[in-house]
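Spelled out from the first residue to the last, the chains are:
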Amino acid sequence: PDVAAFSAYYNYYRNGGASQVDGTSAAAPVWAGIIALINDQRLEAGKSTMGFLNPWLYSLDGTDAFTDITSGTNNDGGCLHTGYPAMEGWDAVTGLGTPMFPRGAP
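Residues numbered from 1 in each chain as written. Predicted model: local features only at pLDDT ≥ 70, side-chain atom pairs only at ≥ 80, totals over all residues. Heavy atoms only, no water.

Colleague: Explain the packing of aromatic side chains to me, please; I cannot follow it from the model alone.
Modeller: Describing an aromatic ring pair means giving the distance of the ring centres and the angle of the ring planes. Per the counting criterion, the structure on display carries two aromatic pairs. With a centroid separation of 6.4 Å and an interplanar angle of 35°, the aromatic rings of Trp31 and Phe66 are classed as tilted. Of this pair, Trp31 sits in helix H1 (residues 24-44) while Phe66 sits in strand E3 (residues 66-67), and the two are 35 residues apart along the sequence. The residues Trp31 and Phe66 share a single accessibility class, namely buried. (Phe/Tyr/Trp six-rings, centres within 6.5 Å; stacked < 30°, edge-to-face > 60°. Helix = DSSP H or I, 4+ residues; strand = E, 2+ residues; numbered from the N terminus. Buried < 20%, exposed > 50% of the residue type's maximum accessible area, 1.4 Å probe, protein only.)

Colleague: How do you make sense of the layout of surface pockets when you look at a structure like this?
Modeller: If a probe as big as a water molecule is rolled over the atoms, it shows which places are left empty. Considered as a void within the structure, the largest pocket measures approximately 350 Å³ in volume. Lining the largest pocket are 16 residues, and of these Val3, Ala4, Ala5, Ser7 and Ala27 sit closest to its centre. Among the residues forming the lining of the largest pocket, the class breakdown is eleven nonpolar, five polar and no charged. (1 Å grid on protein atoms, 1.4 Å probe; cavity = no way out; pocket = protein on both sides within 12 Å on 5 of 7 lines; lining within 4 Å. Points joined across faces, edges and corners; volume = space filled by probe spheres on them. Nonpolar A, V, L, I, M, F, W, Y, C, P; charged D, E, K, R; others polar.)

Colleague: Quick question: what am I supposed to make of unusual backbone geometry here?
Modeller: Glycine aside, residues mostly have negative phi angles, and peptide bonds mostly take the trans form. With omega at 15°, the peptide bond leading from Phe101 into Pro102 counts as cis. Even without being a glycine, Tyr9 presents a positive backbone phi close to 65°. Mapped onto the elements, Tyr9 comes out in the segment before strand E1 (10-14). The phi dihedral of Asn15 is positive, around 50°, even though this residue is not glycine. Relative to the elements of secondary structure, Asn15 occurs in the loop between E1 and strand E2 (17-21).

Colleague: Even after reading the chapter, I still don't get the side chain of Asn39, so can you show me in this structure?
Modeller: Structurally, Asn39 is set in helix H1. Within the structure, Asn39 has its side chain in polar contact with the backbone nitrogen of Met50 (distance 2.7 Å). (Polar contact = N/O pair within 3.5 Å; in protein donor to acceptor, adjacent residues only side chain to side chain.)

Colleague: Please clarify how H1 should be interpreted in this entry.
Modeller: Over its 21 residues, H1 runs 30 Å from end to end, which matches the ideal 30 Å to within 8%, given 1.5 Å per residue. Looking only at H1, the buried set comprises Ala26, Ala27, Trp31, Ile34, Ile35, Ile38, Asn39 and Arg42. The inward-facing, buried residues of H1 contact E1, E2, helix H2 (54-59), E3 and strand E4 (98-99). One or two steps after H1, the chain reaches Gly46, where phi turns positive at roughly 80°. (Expected span 1.5 Å × (residues − 1). Contact = heavy atoms within 4.5 Å.)

This is the structure:
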């Protein structure tokens, strides 16, 4: 992944009933919301929307725009593998880390 977000215990309502969601189904809307807010700010300032995000994301590597996740793994005991470890800098579990919005907003 390029980035991550906290992704556990998000409450939502569906068909009138309360429930919770975890994982990518929780983290992806967090990032979508952050990018929507950045795009709104840019449009208000007369700028274009962000477009392809990777150059901007990786330009922030090592800054305070992300919380670098440095411990844990993505091994939940399934798929008969050991998972990938979180470590300093980019890693295969959390990418660049979790957002510290609005830090790093262009």
